[in-house]
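Residues per chain are reported as follows:
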Amino acid sequence: MIRNITVIGSGVMGTGIAISFATKGYDVILNDLNDELLHKAEKRVAADVALLVEEEVLLEKEADTSLNAIRYVANLSQAVQEADLIIEAIPEVIEWKWDLYKQLEEMKQPTAIVASNTSTFPISRLMEKCTFADQMVIMHFFNPAHLVPLVEIIKHEQTSDAIVEEVRNIMKEIGKAPVILQKEKSGFIANRLQTALMREAFSLLAEGVATAEDIDTAITAGPGFRWAFTGPIEIADFGGLDTWERVFNNVASELNDTKEAPAIISDLVAMKKLGVKTGEGIFQYEGEMVSNKLLERDRSFIRLARMKK
Ligand SMILES: NC(=O)c1ccc[n+]([C@@H]2O[C@H](COP(=O)([O-])OP(=O)(O)OC[C@H]3O[C@@H](n4cnc5c(N)ncnc54)[C@H](O)[C@@H]3O)[C@@H](O)[C@H]2O)c1
């Protein structure tokens, strides 16, 4: 039974994952390379939990309990020694992940389940140099991890069905929406679908079919509005499969099918215009605009989640 959870890497994803468990009564240890990084993480956790109180998801007392359920431990051995579930959320660099798993082999309890939050590495690659593939899964959360329900679960060919079931159950228990991939597939499900859509969005932008604002509105007010409740497969049934057959036959051959990142993105990256993190990307972000936009995003996600319940 999973009681103690350790999250390794206290960045964007690790903090959200820790909050997801701590607000549902689990004891969590957050680990990072040093105390300074953990101190920053603690501040982010406090701010995220404060918003949950402001939005009446948690009472003050529940928030205090959740914050007290998270311990910040820089020593890896101490951080993992009692963990039943270890979630790795360190940067997407395969050598760093391999190095960490090597250390875990020596330090973790033999029965501990290990999960990686990798966005891109197949589980077979993650486990190339490790001996605990039978206890390993990918548990792919979405940013912000404490607010977005989806978690994609991918098993290794050696992972037992019992472990997959245990992981799925704990996800459900903390209010997540787990989906299980039946086979290894790069990009998993959600990022493949998202990338397909974004390739076409940037192609329409490059062709000058509409402004960036209007392309975004075409999704948020159209298909995106429906997608929070109705997935693409069901939408085909609702619209009529004969209709969708015609849509595919008339439009599919016109869709962009390039195999590389859109030139608009690559050109901006070359100019070091990376989006909100540098103040300019497709759109411009000045002063407090970024923090205000992130706050607005998080509030909207909290309200949508409440409505979906
Ligand atoms: N950011 C996203 O939107 C997103 C979404 C889904 C999955 N992911 C995946 O989650 C993982 C983490 O991404 P992130 O965005 O949170 O990164 P991040 O850079 O925000 O945080 C990573 C943290 O790991 C720490 N770290 C590095 N090496 C470590 C080690 N050996 N031991 C302990 N801590 C270590 C870093 O100091 C940092 O605080 C990556 O695999 C990424 O692909 C990211």
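Definitions and limits used
Residues numbered from 1 in each chain as written. Predicted model: local features only at pLDDT ≥ 70, side-chain atom pairs only at ≥ 80, totals over all residues. Heavy atoms only, no water. UniProt positions renumbered as here; feature names shortened; annotations may be inferred. Helix = DSSP H or I, 4+ residues; strand = E, 2+ residues; numbered from the N terminus. Domains from an automatic or database assignment. Contact = heavy atoms within 4.5 Å. Buried area = accessible area lost by both parts, 1.4 Å probe. Salt bridge = Lys/Arg side-chain N within 4 Å of Asp/Glu carboxyl O. Axes fitted to C-alpha atoms, helices over the stretch in contact; angles between N-to-C directions. Parallel < 35°, antiparallel > 145°, perpendicular 65-115°, else oblique. Left-handed = near helix turned anticlockwise from the far one by under 90°. Buried < 20%, exposed > 50% of the residue type's maximum accessible area, 1.4 Å probe, protein only. Pairing = 2+ DSSP bridges. Right-handed = clockwise from strand over helix to strand, strands pointing away.

Caption draft 1: Structural context of the UniProt feature "domain: 3-hydroxyacyl-CoA dehydrogenase C-terminal" (unreviewed entry) in the chain. The sites that carry the UniProt feature "domain: 3-hydroxyacyl-CoA dehydrogenase C-terminal" (unreviewed entry) are, in the present numbering, residues 187-285. Secondary structure across residues 187-285 comprises 60% helix and 0% strand; the distance between its end C-alpha atoms is 29 Å.

Caption draft 2: Summary view of the domain arrangement of the chain. Parsing the chain into structural domains produces domain 1 (4-181) and domain 2 (190-308). Placing the centre of domain 1 and that of domain 2 at their C-alpha centroids yields a distance of 28 Å. Facing 15 residues of domain 1, the contacting portion of domain 2 comprises 10 residues. In total, domain 1 and domain 2 occlude about 1,000 Å² of area from one another, counting both sides; carbon and sulfur atoms represent 55% of this. In this structure, the connection of domain 1 to domain 2 is made through 3 salt bridges. Between R303 and E55 there is a salt bridge, and its shortest N-O distance comes to 2.8 Å. Elements with a contribution of two residues or more to the side of domain 1 that touches domain 2: helix 2 (35-54) and strand 7 (150-155). At 4 residues, the largest contribution of residues to the side of domain 1 that touches domain 2 is made by helix 2.

Caption draft 3: Quick peek at the packing of helix 2 against helix 14 (residues 289-308). Where helix 2 contacts helix 14, the axes come no closer than 11 Å and their chain directions differ by 50°. Classified by the angle their axes make, helix 2 and helix 14 are oblique. The hand of the helix 2/helix 14 crossing is right-handed. Judged by residue contacts, D48, L51, L52 and E54 of helix 2 engage L295, D298, R299 and I302 from helix 14.

Caption draft 4: How the structure looks around the pairing of strand 4 (residues 85-88). Because side chains alternate across strand 4, one face comprises the buried residues L85 and I87, and the other comprises I86 and E88, equally buried. In this structure, strand 1 (residues 4-8) lies alongside strand 4, joined through 4 bridges in parallel fashion. Paired with I8 across the strands is E88, a residue of strand 4. Pairing of strand 4 with strand 5 (residues 113-116) involves 4 bridges; the strand directions are parallel. When the bridges of strand 5 are listed, E88 appears paired with S116. Handedness of the strand 4-helix 5 (residues 94-107)-strand 5 crossover: right-handed.

Caption draft 5: View of the sheet that holds strand 2 (residues 27-31). Pairing in this open sheet of 8 strands is mixed, and the strands run 3-2-1-4-5-6-7-8 from one edge to the other. Taken across any chain shown, the strands that pair with only one partner, and hence form the sheet edges, are strand 3 (70-72) and strand 8 (177-181). Across the sheet, the axes of successive neighbouring strands diverge by a mean angle of 25°, strand direction being ignored. Of the strand pairs in this sheet, strand 1 and strand 2 are connected by 5 bridges, and their pairing is parallel. Bridged to I8 within strand 2 is N31.

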